[in-house]
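# Geometric and topological summary
Residues per chain, in single letters:
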Amino acid sequence: DTAVSQTPKYLVTQMGNDKSIKCEQNLGHDTMYWYKQDSKKFLKIMFSYNNKELIINETVPNRFSPKSPDKAHLNLHINSLELGDSAVYFCASRLQVNEKLFFGSGTQLSVL
Amino acid sequence: DQQVKQNSPSLSVQEGRISILNCDYTNSMFDYFLWYKKYPAEGPTFLISISSIKDKNEDGRFTVFLNKSAKHLSLHIVPSQPGDSAVYFCAATGNVGGSTLGRLYFGRGTQLTVWP
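Here goes a summary of the coordinates provided. Within each chain, residue numbers correspond to sequence positions counted from 1 in written order. To label them, take the chains in the order written and letter them from A, then take the ligands in the order written and number them from 1. For this predicted model, a pLDDT threshold of at least 70 governs which residues receive local features, and a threshold of 80 or more governs which side-chain atom pairs are given and counted, while totals over whole chains, interfaces and linings are taken from all residues. Water and hydrogen atoms were dropped before computing side-chain values, which therefore reflect all heavy atoms in the structure.

### A few points about the state of the cysteines
All names here are of chain A. As a reminder, the rule being used: Two cysteine sulfurs form a disulfide in these notes if their separation is within 2.5 Å. Every helix listed is a DSSP run of H or I at least four residues long, and every strand listed is a run of E at least two residues long, numbered separately from the N terminus. Think of it in three bands: with a 1.4 Å probe and only protein chains considered, a residue is buried below 20% of the maximum accessible area for its type, exposed above 50%, and partly exposed in between.
Per the stated rule, a full pass over the model turns up two disulfides over all chains. Each sulfur in the disulfide pair Cys23 and Cys91 lies 1.8 Å from the other. For the disulfide bridge between Cys23 and Cys91, the dihedral angle about the S-S bond is near -75°, and by the sign convention the bridge is left-handed. Taken as a pair, Cys23 in strand S3 (residues 19-25) and Cys91 in strand S9 (residues 87-94) lie far apart in primary sequence, 68 residues in all. We classify Cys23 as buried; its relative accessible area is 1%.

### Quick notes on the pattern of salt bridges
Selection rule: We define a salt bridge as a side-chain nitrogen of Lys or Arg found within 4 Å of a carboxyl oxygen belonging to Asp or Glu.
A full pass over the atoms with the stated rule returns five salt bridges over all chains. A salt bridge links Glu58(A) to Arg103(B); its shortest N-O distance comes to 2.0 Å. Remark: Arg103(B) occurs in the loop between strand S9 (86-94) and strand S10 (105-106) and Glu58(A) occurs in the loop between strand S6 (53-57) and strand S7 (64-70); the pair is interchain, linking two chains. Given a relative accessible area of 28%, Glu58(A) falls into the partly exposed group. If you follow the salt bridges from partner to partner, you end up with Arg63(A), Glu82(A) and Asp85(A) in one network.

### Focus on the side chain of Lys38(B)
Basically, it comes down to this: Whenever a nitrogen or oxygen atom comes within 3.5 Å of another N or O atom, the pair is scored as a polar contact, on the condition that within protein one atom can donate a hydrogen and the other can accept it, and that pairs from neighbouring residues in sequence are kept only if both atoms are in side chains. We call two residues in contact when some of their heavy atoms are within 4.5 Å.
Inspection of the secondary structure puts Lys38(B) in strand S4 (residues 30-38). One polar contact links the side chain of Lys38(B) to the main-chain carbonyl oxygen of Glu42(B), over a distance of 3.1 Å. Ignoring anything within four residues of it in the chain, the contact list for Lys38(B) reads Gln37(A), Phe90(A), Gly43(B), Pro44(B), Ala86(B), Val87(B) and Phe89(B).

### A look at the pairing of strand S11 (residues 110-115) of chain B
The side chains of a regular strand alternate between the sheet's two faces. Residues and elements named next belong to chain B. Inclusion rule: Here the rule is simple: two strands pair whenever DSSP picks up at least two bridges between them.
Residues Thr110, Leu112 and Val114 line the buried face of S11, whereas the alternating positions Gln111, Thr113 and Trp115 sit on a face that is not buried. Relative to S11, S9 is paired through three bridges, and the arrangement is antiparallel. Residue Val87 lies in a different strand from S11, and its bridge partner there is Gln111.

### Things to note about the sheet that holds strand S8 (residues 73-78) of chain A
Residues and elements named next belong to chain A. The condition is simple: Interaxial angles span 0 to 180 degrees and are taken between N-to-C directions of axes, which are lines fitted to C-alpha atoms, for helices over the stretch in contact.
Ordered by their spatial adjacency, four strands build an open sheet running S1-S3-S8-S7, and the pairing between neighbours is antiparallel. A single partner strand is all that each edge strand has here, and the edge strands are strand S1 (4-7) and S7. Neighbour to neighbour, the strand axes of the sheet diverge by 20° on average, direction disregarded. Across four bridges, S3 lies against S8 in antiparallel orientation. Pairing of Lys19 across the sheet is with Ile78, part of S8.

### Some points on the nonpolar core
Put simply, the test is: Take the buried Ala, Val, Leu, Ile, Met, Phe, Trp, Tyr and Cys residues and link them wherever side-chain atoms come within 4.5 Å; each set so joined is a nonpolar core.
In terms of nonpolar packing, the biggest core is built from 23 residues, with Phe33(B), Trp35(B), Leu73(B), Leu75(B) and Tyr88(B) touching the most fellow members. At the level of elements, strand S3 (19-25), S4, strand S5 (45-51), strand S7 (62-67), strand S8 (72-77), S9 and S11 of chain B are the ones that each hand at least two residues to this core. Per element, the largest residue contribution to this core is four residues, and it comes from S9(B). Formed by 20 residues, the second largest nonpolar core is a distinct cluster that contains Leu74(A), Leu76(A), Ala87(A) and Leu109(A).

### Some thoughts on unusual backbone geometry
Across the junction of Thr7(A) and Pro8(A), the peptide omega takes the value 0°, indicating a cis bond. In this structure, Pro8(A) sits in the loop between S1 and strand S2 (10-13). In this structure, the amide linkage connecting Val78(B) to the following residue, Pro79(B), adopts the cis form with an omega of -10°. Considering the arrangement of structural elements, one finds Pro79(B) in the loop between S8 and S9. Here Lys41(A), not a glycine, exhibits a phi torsion of approximately 75°, which is positive. Here Lys71(B), not a glycine, exhibits a phi torsion of approximately 55°, which is positive. Tracing the backbone through its elements, the reader meets Lys71(B) in the loop between S7 and S8.

Laid out in structure tokens, this is it:
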């Protein structure tokens, strides 16, 4: 069974559209994250939720909105997609601070 | 401003030899360091970690060394195998800016290629 699963794996869409990426973890972890890997390959944190509560919110356009219906799920909604949003988005989770992160396999978003 | 730097984008090593991947950091508040390995089209997977109270941690073929005074860590893989070919990310965390949220700061990765 996949520990952290995110869907879809590939997402190709037009500028201006609204899209969502879903993430689920079956590890019983309390904290979930969204990371973005841009064209320069940097992995940067976007958001973090702990038990459905937002605890980290980096400087991300408000077109990006995370939603956590329960502690096993953290979805990412993106409104009015722009060309610069093209990147790989990774969901991750961990049990406690200073424990290792478990990553999903990533969603390659391409905005045309 | 990158607080974790991996200055070598790529490294090529012959099978059986040692691979040494380097990482530098700037924030003295970092107290826990991790290495992740990433294959194409997959997410990063945890490889090995080290706490700042140690200067070495070993796990099989993988050893991480930490030099706090130099703010430098390195990952040694010996012997290197073709299956080790992947991107290796260095990451750091700690009480940064008064926050103990455990945020991980990543380097941009080093592509390791191990050839037969």
